[in-house]
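A look at the structure
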Amino acid sequence: MKTMIEPFRIKSVEPIRMTTRAERERILRNAGYNAFLIHADDVVIDLLTDSGTGAMSAQQWAGLMRGDESYAGSPSFYHFERRVQELFGFDHVLPTHQGRASERILFELLGGPDQVVPNNAHFDTTRANIEHSGAEAVDLPISAARVPGVAHPFKGNLNVDALRALIAEVGASRIPVVMVTVTNNSGGGQPVSLENLKAVRAVCDEHGILMFLDACRFAENAFFIQQREPGMADRSVREIVQEMFALADGATISAKKDGLVNIGGLLLLRDQDLFQQASNLLILTEGYVTYGGLAGRDLEAMAQGFDEVVQEDYLAYRVRSVEYLGEQLRNAGVPIMEPPGGHAVYIDAGALCPHIPPEQFPGQAVVCGLYRVAGVRAVEIGTVMFGGVQPGPHALPLDQRLELVRLTIPRRVYTQSHMDYVAEAVGEVAAMRDALRGLRIVEEPPVLRHFTARFEEL
Ligand SMILES: *Cc1c(COP(=O)(O)O)cnc(C)c1O
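Just so you know, these numbers come straight off a predicted model, no measurement behind them.

Describing the environment of serine 186
- As for its position among the elements, serine 186 is in the loop between β5 (177-181) and α7 (194-207).
- On the basis of relative accessible area, serine 186 is assigned to the partly exposed category, the value being 24%.
- With residues up to four places along the chain from it excluded, the contact list for serine 186 reads Ala121, His122 and Phe123.

Some details on the site of the ligand
- Neighbouring the ligand are 15 residues, the closest being Arg100, Asp214, Arg217, Ser254 and Lys257.
- Within the contact set of the ligand, an oxygen atom lies 3.1 Å away from a side-chain nitrogen or oxygen of asparagine 185.
- One of the side-chain nitrogen or oxygen atoms of arginine 217 is found 2.8 Å away from an oxygen atom of the ligand.
- Relative to its unbound accessible area of 380 Å², the ligand is 98% covered by the protein chains.
- Taken together, the elements giving at least two residues each to the shell around the ligand come down to α4 (99-110) and α5 (124-132).
- In terms of residue count, the dominant contributor to the shell around the ligand is α4 (3 residues).

Comments concerning the side chain of serine 74
- Tracing the chain through its elements places serine 74 in the loop between α2 (58-66) and α3 (75-88).
- A relative accessible area of 2% means that serine 74 is categorised as buried.
- Beyond its immediate sequence surroundings of up to four residues, serine 74 is in contact with Asp68 and Thr290.

Some remarks on the layout of surface pockets
- Roughly 1,400 Å³ of volume is contained in the second largest pocket.
- Around the second largest pocket, the lining comprises 37 residues; the ones closest to its centre are Ser12, Glu14, Ala55, Arg412 and Val413.
- Only α2 and α12 (312-331) provide two or more residues apiece to the lining of the second largest pocket.
- Here the residues of the lining of the second largest pocket are counted per class, giving 18 nonpolar, 10 polar and 9 charged.
- Two domains each provide a minimum of three residues to the lining of the second largest pocket, namely domain 1 (21-50 + 312-457) and domain 2 (58-308).

Thresholds applied
Once a new chain begins, its residue numbering starts again from 1 and follows that chain's sequence as written. Residues qualify for local features only when their pLDDT is at least 70, as the model is predicted, and side-chain atom pairs are given and counted only at 80 or more; totals for whole chains, interfaces and linings, by contrast, use all residues. Each side-chain value is derived from all of the structure's non-hydrogen atoms; neither hydrogens nor water enter the calculation. Numbering of helices and strands starts at the N terminus; helices are DSSP runs of H or I of at least 4 residues and strands are runs of E of at least 2. Using a 1.4 Å probe on the protein chains alone, a residue whose accessible area is under 20% of its type maximum counts as buried, one over 50% counts as exposed, and one in between counts as partly exposed. In this description, contact between two residues means that some pair of their heavy atoms is separated by no more than 4.5 Å. Residue proximity to a molecule or strand is established when one non-hydrogen atom of the residue lies within 4 Å of it. Pairing of N or O atoms within 3.5 Å defines a polar contact, subject to two protein rules: one partner must be a possible hydrogen donor and the other a possible acceptor, and residues neighboring in sequence count only if both atoms are side-chain atoms. Every accessible area reported is derived by Shrake-Rupley at a probe size of 1.4 Å, with residue values counting cover from the shown protein chains alone. Think of a 1 Å grid over the protein atoms and nothing else: a 1.4 Å probe that fits but is trapped marks a cavity, an open set flanked by protein within 12 Å on at least five of seven lines marks a pocket, and residues with an atom within 4 Å of a point count as lining. Grid points are joined across faces, edges and corners, and a volume is the space filled by probe spheres set on the points. Each residue gets one label: Ala, Val, Leu, Ile, Met, Phe, Trp, Tyr, Cys and Pro are nonpolar, Asp, Glu, Lys and Arg are charged, and the others, such as Gly, are polar. For each domain, the first and last residues come from an automatic or database assignment.

Dropping the structure here:
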């Protein structure tokens, strides 16, 4: 088999500022050992997030120049709307500035006190918007999802038995919508099968409940379906995307992921009344319905991005490059969430650092180690991120929580040698794991503490 190459050439480059170990030591201390507080130009390889950090294509940059900035009825909107309707099969398309704006509008309409919204696993902004409306957000992952070392082709699947049990417990009238996140970001970037989507749809139909997709990484999910689901190998990714969305009553999408743009989002709806109400709310906070908080040029870049992201050479490279990093780590004996996800590799910091208890933040210790040895910025997804949150009545038991470090790969930005460098850094940190020290929080805000908390090493 030939080496799978990046299916693009590089036309414009951004220099990386190299730093020394001594500089990074000082930077880390000044940032209170919190990677979010490090300035981006002090980072060598930035794997904090894949959100809005991708590189646009020459065609997308050309779209920026074509963008029409009329307040109402811009041709850029109609171009964008047509492309989105063709790909996703929804008549009603609202642009938003990013995914959470779509969520904010949707849950103002569907949420509210006493309501319960299940999901395979809620992303943090989705959960926050549901809770802000007064509703309860419930995660219903399959059991394999909580065991990092166990591989499963569709580890993102929603637990359909648990969904039935929840409906029996709280009653269908309290569940306005079932969300399914594709791919499941909080659970390791793992895909959801078409079979599982159909099973969720059937349960929703039985009880008259709406089903929505949180579809930020819909193309990566569709590619995994093509590669892994029986009978799907001969279907195009575009067809699979259409089949996924045909099952849903609507979708919220952050275009900063599989839209291949730096800013933008979508709210897709089938119901005319819901669309009318959502349009009114959009005008209230985002902008008029033909631009939704964006510039006309952003709509052109998004239209083109949604076209490029379903190209299969791109997806094969994308998924392979993440898997490649996962293989390197596995070969170096580093425990990871198996299998590698579509957009990230998750290090199992709990297994890597058994000498650091959860209350001393093993994931944060690994994040600090990676920055120290190589200037690689990763993100903790564990007790720092979730430990400050008051668990709801349906929260997962504490012993099922994971201590993960996410290495998130921006789209079309880094090359194979960058990934080799990252793998070397992780290998170096793993080799000195016994010397890694836990941390304690010296300063933290009341909510979403991971963004601004300051730490001290123990
Ligand atoms: C990023 C993301 C969101 C929110 O989108 P933003 O554009 O960051 O507001 C929602 N759900 C999932 C699964 C995401 O990954």
